[in-house]
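# A structural walkthrough
Here are the chains, one letter per residue:
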Amino acid sequence: MSRIVRAAAIQISPVLGDDGLGTARKVCQAIRDAAEKGVKLAVFPETFVPYYPYFSFIQPAFRFGGEHLELYERAVVIPGPVTDIVAEAARDTGIVVVLGVNERDFGTLYNTQIIFDATGEILLKRRKITPTYHERMVWGQGDGSGLKVVESAAGRIGALACWEHYNPLARYALMTQHEEIHCAQFPGSLVGQIFADQMEVTIRHHALESGCFVVNATGWLTEEQITEIARDPALEGPLRGGCFTAIVSPEGKLLGTPLTEGEGMVIADLDFALITKRKRMMDSVGHYARPELLSLLQDRRPARTVHYVGEHEAAEPIGPFNDEAKP
């Protein structure tokens, strides 16, 4: 008998100007709302808590120091208050949650994806391996230790953020681990319609190539938030459009109507029999692969800034919580 999992891709706006917990509380309410609809997997947008750094897209770097410092103050420490309340919501509802956050690790911010199991346990904490364009002035780089697929109550889940989907080897790293559900996160309310069009092509192609479901969530800014962030009417245009919250089957078919404006959820029942149906025809990491000709080398060692030897070799340096054996 085939397994069916109900998933929700959630398009939502952040709470601006608070300590970051306001957005996290909004996440928790959305989780509970999804639970009432029978959802077992909920995916939120890229760096949704406390908010995506839209300011970095419309301002030159030498002008957004103040906004960058505010983001530091509101960023998420893992573990910490934000992960505690989201874990509680996941546990109370029995929902697997994929959440994007701005993670603060001492003096650096990271674009981080967290996967919470239905028990509230953090199964994976991964950092975007290369921030894109303007984002490089905001976040540090991740490493290969987070390119993993994890077993969850909803199935085998992999995740990438935004333009990581344009890195075919990053996607292939997850494909080789036989992801059943790929969770994609984009900022939304950015660049305009061309961003939404490109996003659709990207997620539908990955579904076809990987033979998995893709659950994609984008963020949404209200008109009031656009005005607040832009501070200049001439800068508001780049903060509109670019939303394409959707769910795609392993055959590349859109399940339900994508959400391109406003807040809401795209909900679909994922029938895992479709994975086998697709892979019987084309399994990119199985019978359709040619590993003697083409293969991937992935370095999963966590990047460390210090290595102790000699009398200190048993001691752990104070640093990022990114040991491969940990979330």
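Check the entry above for the structure.
Right, let's walk through the structure included here.

## Looking at the overall build of the protein
A tally of regular secondary structure across the protein gives eight helices and 11 strands. Scaling as 2.2 N^0.38, a compact globule of 327 residues should have a C-alpha radius of gyration of about 20 Å, and the protein matches this with 19 Å. In the protein, buried positions account for 55% of the 327 residues. Taking the intrachain contacts of the protein between residues at least 6 apart in sequence as the baseline, contacts between residues at least 24 apart amount to 72%.

## Considering the sheet that holds strand 6 (residues 150-152)
With respect to topology, five strands assemble into an open sheet ordered 6-7-8-9-10, the strand pairing being mixed. Strands with a single pairing partner mark the edges of an open sheet, and in this sheet they are strand 6 and strand 10 (246-248). Ignoring strand direction, the axes of neighbouring strands in this sheet form an average angle of 25°. As paired strands, strand 6 and strand 7 (residues 155-161) are joined by three bridges and run antiparallel to one another. Bridge pairing in strand 7 places Glu151 opposite Arg156.

## Let's talk about the pattern of salt bridges
According to the stated counting rule, one finds 21 salt bridges in the structure shown. In this structure, Glu135 engages Lys128 in a salt bridge whose closest nitrogen and oxygen atoms are separated by 2.8 Å. Overlapping salt bridges bring together Glu103, Asp105, Lys125 and Arg127 as one network.

## Structural notes on the packing of aromatic side chains
The final tally for this structure, using the stated rule, is six aromatic pairs. Ring geometry for Tyr52 and Tyr54: centres 5.0 Å apart, planes at 70°, overall edge-to-face. On the basis of an interplanar angle of 40° and a centroid distance of 6.1 Å, the ring pair of Phe213 and Phe272 is categorised as tilted. Here Phe272 lies in the loop between strand 11 (264-271) and helix 8 (273-281) and Phe213 lies in strand 9 (residues 213-218), a separation of 59 residues in the sequence. Classification of Phe272 as buried rests on a relative accessible area of 9%. Site record: aromatic cluster; members linked through ring pairs are Tyr52, Tyr54 and Trp139. Looking at Arg3, its charged tip hangs above the ring of Phe272, at a distance of 4.1 Å from the centre. Of note, Arg127 hangs over the ring of Tyr110, and the distance from its end group to the ring centre comes to 3.8 Å.

## Quick look at the packing of helix 1 (residues 21-36) against helix 4 (residues 81-93)
Two numbers describe how helix 1 lies on helix 4: the axes approach to 10 Å, and their chain directions differ by 5°. The orientation of helix 1 with respect to helix 4, classified from their angle, is roughly parallel. Contacts from Leu21, Ala24, Arg25, Val27, Cys28, Ile31, Arg32 and Ala35 in helix 1 reach Pro81, Val82, Ile85, Val86, Ala89, Asp92 and Thr93 in helix 4. Residues that form the contact of helix 1 with helix 4 fall into these classes: 11 nonpolar, one polar and three charged.

## Considerations on empty space enclosed by the protein
On inspection of all chains with the given rule, the structure shows three cavities of 30 Å³ or more. What the largest cavity holds in volume is close to 60 Å³. Forming the boundary of the largest cavity are Ile12, Pro14, Pro45, Glu46, Phe48, Tyr51, Tyr52, Tyr54, Pro187, Gly219 and Trp220. Split by residue class, the lining of the largest cavity holds nine nonpolar, one polar and one charged.

## Quick word on the nonpolar core
The biggest cluster of nonpolar side chains holds 31 residues, and the ones touching the most others in it are Tyr54, Phe186, Ile203, Val214 and Leu239. With five residues, the single largest contributor to this core is helix 6 (residues 193-210). What Val214 contacts, discounting residues up to four positions off in sequence, is His182, Ala184, Ile203, His206, Ala207, Ala246, Ile247 and Val248.

Rules behind the numbers
- Residues numbered from 1 in each chain as written.
- Predicted model: local features only at pLDDT ≥ 70, side-chain atom pairs only at ≥ 80, totals over all residues.
- Heavy atoms only, no water.
- Helix = DSSP H or I, 4+ residues; strand = E, 2+ residues; numbered from the N terminus.
- Rg over C-alpha atoms; globule rule 2.2 N^0.38 Å.
- Buried < 20%, exposed > 50% of the residue type's maximum accessible area, 1.4 Å probe, protein only.
- Contact = heavy atoms within 4.5 Å.
- Pairing = 2+ DSSP bridges.
- Axes fitted to C-alpha atoms, helices over the stretch in contact; angles between N-to-C directions.
- Salt bridge = Lys/Arg side-chain N within 4 Å of Asp/Glu carboxyl O.
- Phe/Tyr/Trp six-rings, centres within 6.5 Å; stacked < 30°, edge-to-face > 60°.
- Lys NZ or Arg CZ within 6 Å of the ring centre and 35° of its normal.
- Parallel < 35°, antiparallel > 145°, perpendicular 65-115°, else oblique.
- Nonpolar A, V, L, I, M, F, W, Y, C, P; charged D, E, K, R; others polar.
- 1 Å grid on protein atoms, 1.4 Å probe; cavity = no way out; pocket = protein on both sides within 12 Å on 5 of 7 lines; lining within 4 Å.
- Points joined across faces, edges and corners; volume = space filled by probe spheres on them.
- Core = buried A, V, L, I, M, F, W, Y, C linked by side-chain atoms within 4.5 Å.

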